[in-house]
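In case you want the letters, here they are:
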Amino acid sequence: MTMRLEQVIQETKGLSANDRALLAHWLISSLETQHDEGVDAAWLSLAEQRLDELETGKVQGVSWEEIKGQLKRTS
């Protein structure tokens, strides 16, 4: 490991959790050299399908409060 990298690592320890998460996201994203258009199309298709399921009543949404409650009960 280079001295510069060690210095950067030490400096990041002083960042807030949110800032470290943003930095991690940025670093991981910077490794992606190619953008796969098929991935965007697949996410769009899934989002449209889920919206249709909600609008037609095939599925019902769950509130964030319900999800948090379920997580607390299972932890």
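Please refer to the structure higher up on the page.
The residue count restarts for each chain, going from 1 along the sequence in the order it is written. At least 70 in pLDDT is required for a residue's local features to be given in this predicted model, at least 80 for side-chain atom pairs to be given and counted, and no such filter applies to totals for whole chains, interfaces and linings, which use all residues. The basis for every side-chain value is the complete set of heavy atoms in the structure, and neither hydrogens nor water enter the calculation.

J.: I'd like a rundown of the overall build of the protein chain, residues and numbers included.
T.: Of regular secondary structure, the protein chain possesses four helices and zero strands. Labels follow the DSSP assignment, with helices taken as runs of H or I lasting at least four residues and strands as runs of E lasting at least two, numbered in each case from the N terminus. Starting at the N terminus, the α and β elements of the protein chain follow one another as α-α-α-α. Put simply, the radius of gyration uses C-alpha atoms, and a globule should come to 2.2 Å times the residue count raised to 0.38. For 75 residues, the compact-globule estimate of 2.2 N^0.38 gives 11 Å, and the protein chain exceeds it by more than 25% at 20 Å. Areas reported here follow the Shrake-Rupley algorithm with a probe of radius 1.4 Å; residue values treat only the protein chains shown as occluding. Accessible surface, the protein chain as shown: approximately 7,100 Å² in total, 58% of it carbon and sulfur.

J.: Give a description of the pattern of salt bridges that names residues and reports values.
T.: Within this document, salt bridges are pairs made up of a side-chain nitrogen of Lys or Arg and a carboxyl oxygen of Asp or Glu, the two lying within 4 Å of each other. The final tally for this structure, using the stated rule, is one salt bridge. Glu65 is the partner of Lys68 in a salt bridge, and the nearest nitrogen-oxygen pair spans 3.2 Å. Here the residue Lys68 and the residue Glu65 both occupy positions in helix α4 (residues 64-74), the gap between them amounting to three residues, near one helical turn. Look at Lys68 and you get partly exposed, because its relative accessible area is 29%. The classification of residues rests on relative accessible area computed with a 1.4 Å probe and restricted to protein chains. Under 20% of the type maximum is buried, over 50% is exposed, and intermediate values are partly exposed. Residue Glu65 is classed as exposed on the basis of its relative accessible area of 56%.

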